[in-house]
Amino acid sequence: AQSVTQLGSHVSVSEGALVLLRCNYSSSVPPYLFWYVQYPNQGLQLLLKYTSAATLVKGINGFEAEFKKSETSFHLTKPSAHMSDAAEYFCAVSNSGTYKYIFGTGTRLKVLA
Amino acid sequence: SQTIHQWPATLVQPVGSPLSLECTVEGTSNPNLYWYRQAAGRGLQLLFYSVGIGQISSEVPQNLSASRPQDRQFILSSKKLLLSDSGFYLCAWNGQSSYNSPLHFGNGTRLTVT
C-alpha cells in the first residue's frame, strides 16, 4: 500500500528565507510523486510532478523538489520565500498499478514579513 | 482548454437531509473522475473514483454514494446527512491515458451539516 507522510503541519519562514517542506513516501513499486498548493477556499493546483525522468523537478512559482529513492523522500524547496507563498501544500503519490492518488495531511506555510 | 465546475460553492444542510453535489468537466472526453473530502488537519480522503460511465469505485464505506450518469458528470449524494459529513468536498479529474497524469481540481464545496 502507498502512503505519504508530511512532517510538520505548520511551517513558518521569514520573507526571503529558504522554504523546505518535507515529504516521505512509501510505495512497493516505483512511485509518481506530486506537490500541490491550496489557497484558502480553493481547490488544489499542481506545483510539480516526478514521473521517473530527472530526479530534480522544477515547478511553477520558483519551487523545486528532489526525488531521493534511498531516503524515500520528495522534499519541496524554494530559495526565497515570498508573501504570496503562504498557503497549504500537499504531497501526493500514485503508481502505474492504480488510479488512486494518496495525499499527505498537508503543511500550512506561513511567511513572516 | 479543459475546465472543471463544482457546485454549489457552499452548502448548509440539517442532519438527516439529502445531499447532491455535482461536478462537470469540459474540454476533454473519457476522464477519470474523483471525489475527495478534506477535513481540517486530515488531508484529502479519497471517497470515490470512476474510470467510465456507470463505473464507481468506493474507497470508504459510509453513507455517501456517487454516480456518473454521463461521461463528464460526477455526482456525490447522500440520503441522510450526518454531522460527520461536514467538510470540504473536492472533485478532480485526470486523463485516462496515463497513470502519472496529475489531478485537476475544482474549487470545492464547503458543506456544513447542522
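The text that follows walks through the structure, step by step, so that each part is easy to find. (Residues numbered from 1 in each chain as written. Chains lettered and ligands numbered in written order. Predicted model: local features only at pLDDT ≥ 70, side-chain atom pairs only at ≥ 80, totals over all residues. Heavy atoms only, no water.)

1. A word on the interface of chain B and chain A
Right, so step 1: Contact residues are listed per partner, giving 24 residues for chain B and 23 residues for chain A.
Right, so step 2: Carbon and sulfur atoms supply 58% of the area that chain B and chain A bury against each other, a total of about 1,900 Å² over both sides.
Right, so step 3: Counting the contacts that link chain B with chain A gives one salt bridge.
Right, so step 4: Remark: the boundary between chain B and chain A carries seven residue pairs in polar contact (both at pLDDT 80 or more).
Right, so step 5: Of all the secondary structure elements, the ones that give two or more residues to the side of chain B that touches chain A are β4 (32-38), β5 (44-52) and β9 (87-94) of chain B. (Contact = heavy atoms within 4.5 Å. Buried area = accessible area lost by both parts, 1.4 Å probe. Salt bridge = Lys/Arg side-chain N within 4 Å of Asp/Glu carboxyl O. Polar contact = N/O pair within 3.5 Å; in protein donor to acceptor, adjacent residues only side chain to side chain. Helix = DSSP H or I, 4+ residues; strand = E, 2+ residues; numbered from the N terminus.)

2. Observations regarding the packing of aromatic side chains
Residue and element names in this part refer to chain B.
Right, so step 1: Summed over all chains, the structure comprises 15 aromatic pairs over all chains.
Right, so step 2: Both rings, one in Tyr34 and one in Tyr36, keep their centres 6.4 Å apart while their planes meet at 25°; by these two values the pair is stacked. Of the two residues examined, Tyr34 and Tyr36, each falls in the buried class. (Phe/Tyr/Trp six-rings, centres within 6.5 Å; stacked < 30°, edge-to-face > 60°. Buried < 20%, exposed > 50% of the residue type's maximum accessible area, 1.4 Å probe, protein only.)

3. Focus: the pairing of β4 of chain B
Taken residue by residue, a regular strand's side chains alternate between the two faces of the sheet.
All names here are of chain B.
Right, so step 1: Among the seven residues in β4, seven count as buried, and that is most of the element.
Right, so step 2: By the alternation rule, side chains of β4 split into Asn32, Tyr34, Tyr36 and Gln38 and Leu33, Trp35 and Arg37, which are all buried.
Right, so step 3: Taken together, the seven bridges between β4 and β9 define a ladder with antiparallel strand orientation. Across the sheet, the residue bridging to Gln38 is Phe88, located in β9. (Pairing = 2+ DSSP bridges.)

4. Observations regarding the nonpolar core
Residue and element names in this part refer to chain A.
Right, so step 1: Among the nonpolar cores identified, the biggest contains 26 residues, and Trp35, Leu48, Phe74, Leu76 and Tyr89 are the most heavily contacted of them.
Right, so step 2: Going through the elements one at a time, β2 (10-14), β3 (19-21), β5 (31-38), β6 (44-50), β8 (64-68), β9 (73-78), β10 (87-95) and β12 (107-112) are the ones with two or more residues in this core.
Right, so step 3: Residue contributions to this core peak at four residues, all from β10.
Right, so step 4: Contact partners of Tyr89, with chain neighbours within four places excluded, come to Gln6, Leu21, Trp35, Tyr36, Val37, Leu47, Phe63, Leu76, Gly106, Thr107 and Leu109. (Core = buried A, V, L, I, M, F, W, Y, C linked by side-chain atoms within 4.5 Å.)

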